[in-house]
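Each chain, letter by letter, is given below.
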Amino acid sequence: SDSEQSATATVTAGTLNLEVGGSAAGTDYSVSNAYPGYDTGTAHGYVLTNSGTLPGVLHVYLVKDSDLENSLVEPETDVPDLSSSGEIDNYLSINVDGNSFGYGGTVPWIGLETAAIGTRVEIPSMIWGSPTITIPAGGQYPAPGFELWFGWKISPDADNGIMSDTLGFHLEFTLAQA
């Protein structure tokens, strides 16, 4: 009998490595004395870089961290909704501004008013111009020189039910294999 051996074969999986930078990266943002009609503008910018070896599809989520009633004081007690959690999430909208590179829009805080703490709601990428955003290996989104800006506002239709309430939330960025 005769036996031969092939050359060694190896398989190495590629990587995804999402890095979040920009003017807002690592910065906590708190506001006290917010009121109906309060608008932060779009003052929080991010640059998302894929330093991995494979392209990845970007997903951006809003995550509800806390929802506190704090105290019920008059005139808040005069409105009919006196739940044990706060009401700010019923009136909050997230602004996504990509206008500097041609896109942008407002995403209402849909679905989190009754969501449990820790719930994620995806911000649809159509708001900034595409059904999916793919960041190539070694690439970034948006293009160099730009940032993806976020802000939030409380509807002017909010009533006394939001008085003294506190809502905590954050953005979560994920990169999935394309």
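Up top you'll find the structure we're talking about.
Because the structure is a prediction, the values reported are computed rather than measured.

1. Regarding the overall build of the protein
Then step 1. Tallying secondary structure elements over the protein gives zero helices and ten strands in all.
Then step 2. Counted from the first residue to the last, the protein has its helices and strands arranged as β-β-β-β-β-β-β-β-β-β.
Then step 3. Within the span of the protein, comprising 178 residues, buried residues form 34% of the whole.
Then step 4. Of all intrachain contacts in the protein linking residues separated by at least 6 positions in sequence, the fraction that spans at least 24 positions is 80%.
Then step 5. Taken as a whole, the protein presents about 9800 Å² of accessible surface, with 52% of it coming from carbon and sulfur.

2. Some thoughts on the nonpolar core
Side chains that are nonpolar tend, in soluble globular proteins, to be buried together.
Then step 1. Formed by 24 residues in total, the largest nonpolar core has its most connected members in Leu58, Ile94, Phe150 and Ile154.
Then step 2. Looking at this core, the elements that each hand over two or more residues are β2 (44–50), β3 (56–68), β4 (92–98), β7 (133–135), β9 (148–154) and β10 (166–177).
Then step 3. With four residues, β9 is the largest single contributor of residues to this core.

3. Description of the pattern of salt bridges
Then step 1. This structure, assessed with the given rule, holds two salt bridges.
Then step 2. Between Lys64 and Asp67 there is a salt bridge, with the nearest N and O atoms lying 3.3 Å from each other.
Then step 3. On the accessibility criterion, Lys64 (1% relative accessible area) is buried.
Then step 4. Under the relative-accessibility criterion, Asp67 is labelled buried at 11%.

4. Overview of the packing of aromatic side chains
Then step 1. Counted according to the given criterion, the structure contains six aromatic pairs.
Then step 2. Geometrically, the ring pair formed by Tyr46 and Phe173 is tilted, given 5.1 Å between the ring centres and 55° between the ring planes. Highlighted residues: Tyr46 in strand β2 and Phe173 in strand β10, separated in sequence by 127 residues. For the pair formed by Tyr46 and Phe173, the shared burial category is buried.
Then step 3. Summarising the aromatic geometry, the rings of Trp152 and Phe169 are spaced 6.4 Å apart at their centres and angled 85° between planes, so their arrangement reads as edge-to-face. Here Phe169 lies in strand β10 and Trp152 lies in strand β9, a separation of 17 residues in the sequence.

5. Focus on the side chain of Asp89
Then step 1. Position of Asp89 relative to the elements: it lies in the loop between β3 and β4.
Then step 2. Judged by relative accessible area, which is 1%, Asp89 ranks as buried.
Then step 3. Side-chain polar atoms of Asp89 contact the side chain of Lys64, separated by 2.7 Å.

6. Some thoughts on the environment of Leu171
Then step 1. Looking at the element boundaries, Leu171 is found in strand β10.
Then step 2. Given a relative accessible area of 22%, Leu171 falls into the partly exposed group.
Then step 3. In this structure the C-alpha to C-alpha distance between Leu171 and Lys64, which are 107 residues apart in sequence, comes to 9.1 Å.
Then step 4. Residues within four places of Leu171 in sequence aside, it is in contact with Tyr46, Val60, Tyr61, Leu62, Ile123 and Phe150.

7. Regarding the pairing of β3
Then step 1. Pairing between β3 and β7: three bridges, direction antiparallel. Residue pairing across strands places Leu58 opposite Ile133, the latter belonging to β7.

8. A look at the pairing of β9
Then step 1. In terms of burial, β9 is a largely internal element, five of the seven residues being buried.
Then step 2. The pairing of β2 with β9 spans three bridges and is classified as antiparallel. Along β9, the bridge assignment pairs His44 with Phe150.

Thresholds applied
Each residue is numbered by its place in its chain's sequence as written, counting from 1. Local features are withheld for residues below a pLDDT of 70 in this predicted model, meaning they are given only at 70 or higher, and side-chain atom pairs are given and counted only at 80 or more; totals for whole chains, interfaces and linings count all residues. The side-chain values count all of the structure's non-hydrogen atoms but skip hydrogen atoms and water molecules. Each helix is a run of H or I in the DSSP string that is no shorter than four residues. Each strand is a run of E no shorter than two, and both are numbered from the N terminus. Using a 1.4 Å probe on the protein chains alone, a residue whose accessible area is under 20% of its type maximum counts as buried, one over 50% counts as exposed, and one in between counts as partly exposed. By definition, residues are in contact when any of their heavy atoms lie within 4.5 Å. Only the protein chains shown count as cover for residues, with accessible areas throughout obtained via the Shrake-Rupley method and a probe of 1.4 Å. Take the buried Ala, Val, Leu, Ile, Met, Phe, Trp, Tyr and Cys residues and link them wherever side-chain atoms come within 4.5 Å; each set so joined is a nonpolar core. Salt bridges are defined as contacts in which a side-chain nitrogen from Lys or Arg sits within 4 Å of a carboxyl oxygen from Asp or Glu. Centre distance within 6.5 Å is the pairing criterion for rings of Phe, Tyr and Trp, where only the six-membered ring of Trp is used; planes under 30 degrees apart are then read as stacked, over 60 as edge-to-face, and the remainder as tilted. In protein, a polar contact means a hydrogen-donor-capable atom and an acceptor-capable atom, both N or O and within 3.5 Å, with residues adjacent in sequence counting only if both atoms are side-chain atoms; elsewhere, any N or O pair within 3.5 Å suffices. Paired strands, as defined in this entry, are two strands with at least two bridges between them according to DSSP.

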